[in-house]
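# Per-entry structural report
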Amino acid sequence: MSYGRTFPLWRDAAPHWAAYTRHAFVAGIADGTLPRAAFLDYLAQDYLFLVHFARAWSLAVTKADTVAEMRVCAATARALIDDEMALHVRICAEAGIDEDTLRATEERAPNIAYTRYVLDAGHAGDFTDLLAALAPCVLGYGEIGCRLADEAGETPYRDWIETYGGAEYQELCAEVGALIDGAVARRLGERPEESPRWAALSDRFATATRLEVGFWQMGLAP
């Protein structure tokens, strides 16, 4: 599924994109070799991550210029809270970890670095700054999920794969890609690559991508 025009340009210019989307943690999800303890630790950190990302998408509502932009941002925040976080809660509950325990998890440094970077991009910058920092997460997970849905064999992490590779999440990614295209064109013009702001936005995307690599690596740390 296409995620728009802007995303591939940012993705192809991000030097750490392959390290993010084809990280050893992702490979372990795909073939089932990722230790269950590592996956559950990742889910606990990602639960906290999603809390902050829901706040960031809610901030995007206040940064938006149009009702259409507000609608997509609000829908994305809702999807994070009602769908992704619910997946984390359900899987962890099956392992005997309740939501109160997830909320009480100590936030690790790579998680703090990534989420606060995105929130700072939104508070210090405009709507496009925030979208550039948010895009690697939502669209990267869409790319990973779509690929693993086709390639992954028998794995205990099928629920995770089907969430991000499924039609509902893929449709959300398409909507976010269109949101980014429209926002960039509205603010930078029809040839955004020629805008003086293009390099800075691309750098925001690349930095967030590098922080995604750190998040996966955190999941492999003892």
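Now for a description of the structure that goes with this document. (Residues numbered from 1 in each chain as written. Predicted model: local features only at pLDDT ≥ 70, side-chain atom pairs only at ≥ 80, totals over all residues. Heavy atoms only, no water.)

## Here we look at the nonpolar core
Judged by nonpolar contacts, the single largest core of 79 residues is most densely connected at W57 and W160. If one sorts the elements of this core by residue count, helix α4 (residues 36-63) sits on top with 16 residues. (Core = buried A, V, L, I, M, F, W, Y, C linked by side-chain atoms within 4.5 Å. Buried < 20%, exposed > 50% of the residue type's maximum accessible area, 1.4 Å probe, protein only. Helix = DSSP H or I, 4+ residues; strand = E, 2+ residues; numbered from the N terminus.)

## What to know about the pattern of salt bridges
Under the definition given, this model contains 19 salt bridges. Here the salt bridges share partners, and the residues they tie into one network are D65, E69, R186 and R187. (Salt bridge = Lys/Arg side-chain N within 4 Å of Asp/Glu carboxyl O.)

## Thoughts on the side chain of R204
Its location among the elements puts R204 in helix α11 (residues 198-220). Residue contacts for R204: discarding those within four places in its chain leaves Y117, A121, D129, A132 and A133. (Contact = heavy atoms within 4.5 Å.)

## Focus on the packing of aromatic side chains
Within this structure, the stated rule accounts for 23 aromatic pairs. The interplanar angle of 40° and the centroid separation of 5.6 Å between the aromatic rings of W10 and F205 together place this pair among those described as tilted. Here the residue W10 occupies a position in helix α1 (residues 6-13), and F205 occupies one in helix α11, the gap between them amounting to 195 residues. Note on W10: relative accessible area 1%, which makes it buried. With relative accessibility at 0%, the residue F205 sits in the buried group. (Phe/Tyr/Trp six-rings, centres within 6.5 Å; stacked < 30°, edge-to-face > 60°.)

## Examining the environment of K63
Along the polypeptide, K63 turns up in helix α4. What makes K63 partly exposed here is its relative accessible area of 24%. Along the sequence, K63 and D126 sit 63 residues apart, while their C-alpha atoms lie 6.5 Å from each other. If we ignore the near neighbours within four places in the chain, the residues touching K63 are G122, H123, G125, D126, F127 and R187.

Don't take any of this as a statement about function, it's just geometry.
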